[in-house]
Amino acid sequence: MALTSFEEQEINEIKSWWSENYKTIIAVVVLSLAGSWGWRYWQSYQIGKAQELSAQYDQIILSNQAIDLKNIEIDAFAKNNSKTAYAALALLEKAKLATEVKDYKLAAAALQQAISEAPDEIFSSLAAMRLANVQMQLKDMDNALATLNNQVKDVSLESRKLLLIGDIQAVKGDKTAAKASYEQAQKTATPLGQEWLQVRLNNL
């Protein structure tokens, strides 16, 4: 079937456009395919890395070696895997072991390090909550309050944070401030948490 002059013009325009743009189109396709492959490779690498870190973490934490040796391994692990969840978790474990033997200064140091190594606000806030508890054991009430007010930023911990602030204020003898903190904490506490807070309010 013979082409009309209009159809011939369209074909010639398409040929001309392809001649001018085919290199760009091929490059976009290649880059798209490469990007898709690269993304899958990156995901695979990240999963493998996480599994490797998990295995290393378990090996250290579940070992039965002496605390001093375990602490050395935890420090090395945290240094080699800085700013990861596993580094923060390992340091939290170090602090837990220290509190079990009432070495609160070592626990405080480990928790300070956990805060700096935390990959996000959730981990740093959890470590800060524990640090405030340890600072209370050290009778360092002012720094405990500062830790809670300045470093516990995760909103899901707000009720527990206010409860601990109230406890510190009560220990310091400021019953008015403690009462205000407990009442504020009740607003977002679980039913069980509200009961504990009411007990505290009754004992002021």
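Before any of the text, the structure's been laid out above.
The structure displayed is predicted, hence computed values, not measured ones. (Residues numbered from 1 in each chain as written. Predicted model: local features only at pLDDT ≥ 70, side-chain atom pairs only at ≥ 80, totals over all residues. Heavy atoms only, no water.)

A.B. asks: Which residues make up the overall build of the protein chain, and what values do they have?
C.D. replies: A tally of helices and strands in the protein chain yields nine helices and zero strands. Ordered by position from the N terminus, the helices and strands of the protein chain form the series α-α-α-α-α-α-α-α-α. Buried positions account for 34% of the 204 residues belonging to the protein chain. Long-range contacts, defined here as pairs at least 24 residues apart, represent 44% of the contacts in the protein chain between residues at least 6 apart. Approximately 13,200 Å² of the protein chain is accessible, and the part contributed by carbon and sulfur atoms is 57%. (Helix = DSSP H or I, 4+ residues; strand = E, 2+ residues; numbered from the N terminus. Buried < 20%, exposed > 50% of the residue type's maximum accessible area, 1.4 Å probe, protein only. Contact = heavy atoms within 4.5 Å. Areas by Shrake-Rupley, 256 points an atom, 1.4 Å probe, with all protein chains shown as cover.)

A.B. asks: How would you summarise helix 6 (residues 141–151) if you had to cite specific residues and measurements?
C.D. replies: Taken together, the buried positions of helix 6 are M141, A144, L145, T147 and L148. Buried residues of helix 6, seen end-on, are gathered within an arc of 155 degrees and therefore sit on one face of the element. Set apart from the buried face of helix 6 by more than 90 degrees, the exposed residues are D142 and N150. In this structure, the buried residues of helix 6 make contact with helix 5 (121–137) and helix 7 (158–171). (Arc of directions from axis to C-beta.)

A.B. asks: Please set out unusual backbone geometry residue by residue, giving values where relevant.
C.D. replies: Of note, K83 is a non-glycine position whose phi angle comes to about 65 degrees, a positive value. Of note, K83 is situated in the loop between helix 2 (67–80) and helix 3 (85–100). Phi at K102 is positive, roughly 60 degrees, even though this residue is not glycine. Relative to the helices and strands, K102 is located in the loop between helix 3 and helix 4 (104–117).

A.B. asks: Lay out the environment of A85 in plain terms, naming residues and giving numbers.
C.D. replies: With respect to the element layout, A85 can be found in helix 3. A relative accessible area of 25% places A85 in the partly exposed class. With 29 residues separating them along the chain, A85 and A114 place their C-alpha atoms 9.5 Å apart.

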